[in-house]
Amino acid sequence: MDKILEGLVSSSHPLPLKRVIVRKVVESAEHWLDEAQCEAMFDLTTRLILEGQDPFQRQVGHQVLEAYARYHRPEFESFFNKTFVLGLLHQGYHSLDRKDVAILDYIHNGLKLIMSCPSVLDLFSLLQVEVLRMVCERPEPQLCARLSDLLTDFVQCIPKGKLSITFCQQLVRTIGHFQCVSTQERELREYVSQVTKVSNLLQNIWKAEPTTLLPSLQEVFASISSTDASFEPSVALASLVQHIPLQMITVLIRSLTTDPNVKDASMTQALCRMIDWLSWPLAQHVDTWVIALLKGLAAVQKFTILIDVTLLKIELVFNRLWFPLVRPGALAVLSHMLLSFQHSPEAFHLIVPHVVNLVHSFKNDGLPSSTAFLVQLTELIHCMMYHYSGFPDLYETILEAIKDFPKPSEEKIKLILNQSAWTSQSNSLASCLSRLSGKSETGKTGLINLGNTCYMNSVIQALFMATDFRRQVLSLNLNGCNSLMKKLQHLFAFLAHTQREAYAPRIFFEASRPPWFTPRSQQDCSEYLRFLLDRLHEEEKILKVQSSHKPSEILECNETSLQEVASKAAVLTETPRTTDSEKTLIEKMFGGKLRTHICCLNCRSTSQKVEAFTDLSLAFCPSSSLENMSFQDPASSPSTQDGGLMQAAVPSPSQEPVVYNPTTAAFICDSVVNERTIGSPPNEFYCSENTSVPNESNRILVNKDVPQKPGGETTPSVTDLLNYFLAPEILTGDNQYYCENCASLQNAEKTMQITEEPEYLILTLLRFSYDQKYHVRRKILDNVSLPLVLELPVKRTTSYSSLSESWSVDVDFTDLSENLAKKLKPSGTDEASCTKLVPYVLSSVVVHSGISSESGHYYSYARNITGTESSYQIYHQSEALALASSQSHLLGRECPSAVLEQDLENKEMSKEWFLFNDSRVTFTSFQSVQKITSRFPKDTAYVLLYKKQHSTNGLSGNNPTSGLWINGDPPLQKELMDAITKDNKLYLQEQELNARARALQAASASCSFRPNGFDDNDPPGSCGPTGGGGGGGFNTVGRLVF
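Conventions adopted
- Residues numbered from 1 in each chain as written.
- Predicted model: local features only at pLDDT ≥ 70, side-chain atom pairs only at ≥ 80, totals over all residues.
- Heavy atoms only, no water.
- Helix = DSSP H or I, 4+ residues; strand = E, 2+ residues; numbered from the N terminus.
- Buried < 20%, exposed > 50% of the residue type's maximum accessible area, 1.4 Å probe, protein only.
- Contact = heavy atoms within 4.5 Å.
- Areas by Shrake-Rupley, 256 points an atom, 1.4 Å probe, with all protein chains shown as cover.
- Axes fitted to C-alpha atoms, helices over the stretch in contact; angles between N-to-C directions.
- Parallel < 35°, antiparallel > 145°, perpendicular 65-115°, else oblique.
- Nonpolar A, V, L, I, M, F, W, Y, C, P; charged D, E, K, R; others polar.
- pLDDT = per-residue confidence, 0-100.
- Core = buried A, V, L, I, M, F, W, Y, C linked by side-chain atoms within 4.5 Å.
- Expected span 1.5 Å × (residues − 1).
- Pairing = 2+ DSSP bridges.
- Phe/Tyr/Trp six-rings, centres within 6.5 Å; stacked < 30°, edge-to-face > 60°.
- Lys NZ or Arg CZ within 6 Å of the ring centre and 35° of its normal.
- Patch = residues over 30% accessible without salt bridge, like charges linked within 9 Å, V, L, I, M, F, W, Y side chains within 5 Å.
- Salt bridge = Lys/Arg side-chain N within 4 Å of Asp/Glu carboxyl O.
- Lys, Arg positive; Asp, Glu negative; His and termini not counted.
- Charge placed at Lys NZ, Arg CZ, Asp CG, Glu CD.
- Arc of directions from axis to C-beta.
- Disulfide = S-S within 2.5 Å.
- Polar contact = N/O pair within 3.5 Å; in protein donor to acceptor, adjacent residues only side chain to side chain.

Taking an unreviewed UniProt entry as the reference, the protein is identified by name as Ubiquitin specific peptidase 38 belonging to Piliocolobus tephrosceles.

The following block contains the structure:
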């Protein structure tokens, strides 16, 4: 029969005739044949299967062999024995090589035919050894896939015990050697299918024998971490990732990142190759493992690896976004790499040139999946442009391309950036290891206490949180300068962009410390603030004068000493400025004007002066006088006798005075107005003999020098102190006024009016009174209610406004006495002036903790706030209010502003307030700000910053609408950005060195890690053991500051 079959398949008969005869041959298999005939038939069919010249011959061989093996199983069992199979695997078959896939297919089919025979067990034992040998020979993907098919169907052939671990490891190595040189889609699909079969085999083995998993993964890492330049592991290893249980991520990543035997070069190679795996189609969870490894490296502070890998692979990851199959994983990895790379714009700028083309391409295809992808991508782009806003030339085309897609809110952007940074303490893997000393979850940077410098730190943080002021400072072009403003700009830039948890402002401290301040001693933060603003103002004045006198010369911007500033400041008084463009930055932000009016009660002559201020010092008022104060509109109230003066009820003279007397104190302050007004030489009052003020009797006159009892039944508010500050005052006794008209000391009435309001209103509460008996300064610990909304009465005078617009010019109104008398005639028509209530909202509060100005601790509460709030538009419905009604509105307990304040206060509970306590920054609430003194009696509000609210976009030019100031802050100068980038990289290197040092000491260390610079364990109300709450701060190598 074998001769007939052999002659048939090689004959030239038609194919249908051949098929009929083959069917007869198959049917004849039921008949009895002797052993020799069966063996001859098995030899022929084997030859047809393995060496058949066409598919028909191979098909005939399979059909006939299957039929004869079924009906003559003992004979086939004798034929298909260990020796025969071993020969096939070792020598091949005739001309057929042993590694030909046909041989493996033949053995696979033969096992199926003798599966029920006892001899199959011997074959299984043989194949357990042979498949391990075959895998060690690194078979090609096709042969390995056929082997995987065989082992999947016959798991008995898989090596057992220790050999199973070796087999899995060798199989991983084999996958690492896979390569596909073809670029044709059909061949690529076939290649992916072959690799999938092999990875599925490994998955089945891992499930059946879990002990093989970890050694296999170790082999994967060994392959991808190899630094051998002659070997590049195949990206096909990515097919294994989807089979690794996600529950093992934390354990495996921690093991890898903390293994001291894993060198940085090997880890870098491994991470780069895992990122390459993103190009493998159909592989799942590759992005999850890549991100987990990135986070794991950040957790152990191996920032050098992260920097190198990100810069090397970021463009490759971005290019993967073009391919739909791998796009979701690529976007996830791209997002993490960009959002975590926050110390420098370098990585983001590598992909910036490619963004527009990608966006336009996906916008044009119009697919829903493309639109959803673009929404995610544009959110990422907005976050990065917000973080690195100093490159409008690079971002303008991107903004135009993505303008149709939603932009995330600033709060969401900040949250994303804070959670994504390498030093983020919300990092899920970091919780398993030592706590990082990167920025806190607030995203704000603390200031290291340099030794009793909390007074400076609290003030700087309050100024930094004054959004408009910060933006103006950062926008200044000060390249080549070494002024104090330049140092402040550097400090603000570092507070905004550093990766450090806390920054050491050593250079700024040395430059801004008043000469009379003793280093490492506690000082008055209010005095420091005045000096700082004064110094900044005077420097800019001198520079303006120098530039106006030498317009053609390059301005030399050198640091000027305080003595030099003082010697040149008088120059400006000769040329007073009247326009906003000529004002200094300090004038624009903090400068206001106050008009003081004194009327002699004997001859009714008056004197006036206008002076500038940067802060108002508010004295504590007697509670009894506060309750009785009220203000009446001179135009609407009935006139009384000229001599009839209403005075507020005052305590008996025997009571201890609370308001500090400036003439006897070492602590120099003026309860009327800050004596350190910007650029103001001593002002004199000018008398006018015939100028009178009508209806004096309608005003409440409060004697501010009367003794008063500290405290009171009700808690005074800042509004009360401000009203007391602006209330008319009778100058009697030792405070009598020298009237030039009377040529003698006379009783007089002194009134003050704010004629020009500042953008930021600084209020200092005069808490330090001078005890004349014991000659010490005592602190007034009275609680003061802090209103979230404050209405400042501003009286604008039209008849002489042009004369009072200058910053520091005394105005002599004697020449205007006749006109002024006409304007102030008691007919009820007040054409000269009108009072407007200007709304302010609380921006920051500096708190003093302690009982003396020479000791204690300062910290501050602050929040981000701009100059516009829709809630305050109600204030602009009434453009002109009478003085009396405005001031009574301030005092009213049930006024509309109180209702509005309560509404805003409730809303503020969900907004961000921050507590700045030297190097620590935490979230807090306005409720905590309000209750600080009631909870901690020694902690009292001392300096307050209120931000003026506008119905439009605040100061013209401050808030660009072009969209290029991505985060509202101006672009940083290149010099600043380079310095910050360099310092951020240095910081990451410091952290990495510290982490390695800790790892070396981990075995012997038994105490928990306490981050450097933390000073929250010091006693309340103190500045720490070194007098500053932070000691020396970070104990790392020196930092680049400027």
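Structure shown, so let's carry the discussion forward.
J.: Even after reading the chapter, I still don't get the overall build of the protein, so can you show me in this structure?
T.: When helices and strands are counted, the protein shows 37 helices and 21 strands. Here the protein, with 1042 residues, has 56% of them falling under the buried criterion. Across the protein, every contact between residues at least 6 apart in sequence was considered, and the portion connecting residues at least 24 apart equals 80%. Just so you have it, the protein exposes about 44,500 Å², and 52% of that area is on carbon and sulfur atoms.

J.: I'm lost on the packing of helix 3 (residues 35–51) against helix 7 (residues 101–113) in this one. Help?
T.: Axis angle and axis distance: for two packed helices, these are the angle between their axes and the distance between the axes, and together they describe the pair. Running from N to C, helix 3 and helix 7 point in directions that differ by 140°, and their axes come no closer than 9 Å. The pairing of helix 3 with helix 7 is recorded here as oblique in orientation. Only Ala102, Ile103 and Tyr106 of helix 7 make contact with helix 3, whose side of the interface consists of Thr46, Ile49 and Leu50. Split into classes, the residues belonging to the contact of helix 3 with helix 7 amount to five nonpolar, one polar and no charged.

J.: I'm lost on the environment of Val355 in this one. Help?
T.: Along the chain, the position of Val355 falls in helix 18 (residues 346–365). Val355 sits 43 residues away from Ile398 along the chain, and the two C-alpha atoms are 7.0 Å apart. Contact partners of Val355, with chain neighbours within four places excluded, come to Phe318, Ile381 and Ile398.

J.: Where do I start with the confidence of the model for the protein in this structure?
T.: Should pLDDT be low for a region, the predicted coordinates there are not to be read in detail. Taken over all residues, the pLDDT of the protein has a mean of 75, while the share at 70 or more is 71%. Here residues 568–577 is modelled with pLDDT under 50, and outside its nearest four sequence neighbours on either side it reaches 21 contacts, counting other chains as well. Under a pLDDT of 50 for its full length, residues 1024–1042 has, in the predicted model, 60 contacts with residues more than four places off or in other chains.

J.: Teacher, can you tell me more about the nonpolar core here?
T.: Taken as a class, soluble globular proteins show a tendency for nonpolar side chains to be buried jointly. Counting residues in hydrophobic clusters, the biggest one holds 209 residues, and the most contacted among them are Phe80, Ile107, Leu111, Leu377, Ile460, Phe469 and Phe492. When neighbours within four sequence positions are excluded, Ile460 is seen to be in contact with Leu447, Leu488, Leu491, Phe492, Leu495, Phe508, Tyr528 and Leu532. Among the nonpolar cores identified, the runner-up in size contains 39 residues, and Leu618, Ile780, Leu842 and Phe926 belong to it.

J.: Help me understand unusual backbone geometry in this model?
T.: Residues other than glycine predominantly adopt negative phi, and peptide bonds predominantly adopt the trans conformation. For Asn452, which is not glycine, the phi torsion reads 55° and is therefore positive. Along the chain, Asn452 falls in the loop between strand 1 (446–447) and helix 22 (454–464). A positive phi angle, close to 65°, is found at Arg520, a residue other than glycine. The topology assignment puts Arg520 in the loop between helix 25 (506–512) and helix 26 (525–549).

J.: Help me understand helix 15 (residues 286–299), please; the structure alone is not making it clear to me.
T.: Side chains of residues three or four places apart in an α-helix project in the same direction, reflecting 3.6 residues per turn. The end-to-end C-alpha separation of helix 15 is 20 Å, in line with the 20 Å expected for 14 residues at 1.5 Å each. Residues Val286, Asp287, Trp289, Val290, Ile291, Ala292, Leu293, Leu294, Gly296, Leu297, Ala298 and Ala299 constitute the buried set of helix 15. After helix 15 finishes, the residue Gln301 shows a positive phi value of roughly 60°.

J.: Can you walk me through the pairing of strand 20 (residues 920–924) in this structure?
T.: Every other side chain in a regular strand lies on the same face of the sheet, so the side chains alternate between the two faces. Bridge count between strand 19 (residues 913–917) and strand 20: five bridges; the pairing is antiparallel. By the bridge assignment, Phe914 is partnered in strand 20 with Phe923. The turn linking strand 19 back onto strand 20 is made up of two residues, and Asp918 within it adopts a positive phi angle of 55°.

J.: Can you help me understand the packing of aromatic side chains in this one?
T.: Describing an aromatic ring pair means giving the distance of the ring centres and the angle of the ring planes. All chains considered together, the criterion is met by 28 aromatic pairs. Each residue in the set Phe42, Phe76, Phe79, Phe80, Phe84 and Tyr106 is aromatic and connected to the rest through ring pairs, giving one cluster. One residue, Lys444, lies across the ring of Phe914, its end atom 5.2 Å from the ring centre. Between the NZ or CZ atom of Lys947 and the centre of the ring of Tyr760, over which it lies, the distance is 5.2 Å.

J.: How do you make sense of a negative patch on the surface when you look at a structure like this?
T.: Taken together, the side chains of Asp34, Glu35, Glu39 and Asp43 present a region of like negative charge at the surface. Note on placement: Asp34 falls in the loop between helix 2 (15–27) and helix 3.

J.: Is there a simple way to explain the pattern of salt bridges in this structure?
T.: Proximity of charged atoms lets side chains of opposite charge pair with each other. Applying the stated criterion to the full structure yields 28 salt bridges. Between Glu400 and Lys403 there is a salt bridge whose closest N-O contact spans 2.6 Å. The class for Glu400 is partly exposed, based on a relative accessible area of 46%. Two residues, Glu759 and Lys948, come together in a salt bridge whose shortest N-O distance is 4.0 Å. One end of the pair, Glu759, is in the loop between strand 12 (748–756) and strand 13 (760–765); the other, Lys948, is in strand 21 (residues 939–948), and 189 residues separate them in sequence. Here the two residues Glu759 and Lys948 agree in accessibility, since each one is buried. One salt-bridge network, held together by shared partners, links Asp468, Glu757, Glu759, Lys947 and Lys948.

J.: Would you mind showing me how to read the environment of Glu75 here?
T.: Looking at where Glu75 falls in the secondary structure, it is placed in helix 5 (residues 73–79). Judged by its relative accessible area of 23%, Glu75 falls in the partly exposed class. Spatially, the C-alpha atoms of Glu75 and Glu35 are 6.3 Å apart, while their sequence positions differ by 40 residues. Those residues in contact with Glu75 that sit more than four places away from it in its chain are Glu35, Cys38 and Phe42.

J.: Would you mind showing me how to read helix 20 (residues 392–401) here?
T.: Within helix 20 the residues assigned to the buried category are Tyr395, Ile398, Leu399 and Ala401. The arc enclosing the buried residues of helix 20, seen along the axis, measures out at 155°, which places them on a common side.

J.: Help me out: how do you make sense of the packing of helix 17 (residues 327–340) against helix 19 (residues 368–387) in this one?
T.: Close contact between helix 17 and helix 19 brings their axes to 10 Å; oriented N to C, the two are set at 10°. Classified by the angle between their axes, helix 17 and helix 19 sit roughly parallel to one another. Of the residues in helix 19, those touching helix 17 at Arg327, Leu331, Leu334, Ser335, Leu338 and Leu339 are Phe373, Gln376, Leu377, Leu380, Cys383 and Met384. Residue composition of the contact of helix 17 with helix 19, by class: nine nonpolar, two polar and one charged.

J.: Help me understand the pairing of strand 18 (residues 857–862) in this model?
T.: Where burial is concerned, most of strand 18 is hidden: six out of the six residues are buried. Alignment of strand 18 against strand 19, held across three bridges, turns out to be antiparallel. Along strand 19, the bridge assignment pairs Ala862 with Phe914.

J.: Is there a simple way to think about the state of the cysteines in this case?
T.: By definition, a disulfide links two cysteine residues through a covalent bond between their sulfur atoms. A full pass over the atoms with the stated rule returns zero disulfides. In this structure Cys600 is a free cysteine whose sulfur lies 3.8 Å from that of Cys603, the closest cysteine sulfur available.

J.: Would you mind showing me how to read the environment of Tyr395 here?
T.: Its place among the elements puts Tyr395 in helix 20. Separated by 14 residues in the primary sequence, Tyr395 and Ile381 place their C-alpha atoms 9.6 Å from one another. Here Tyr388 takes part through its backbone oxygen, which lies 2.8 Å from a polar atom of the side chain of Tyr395.

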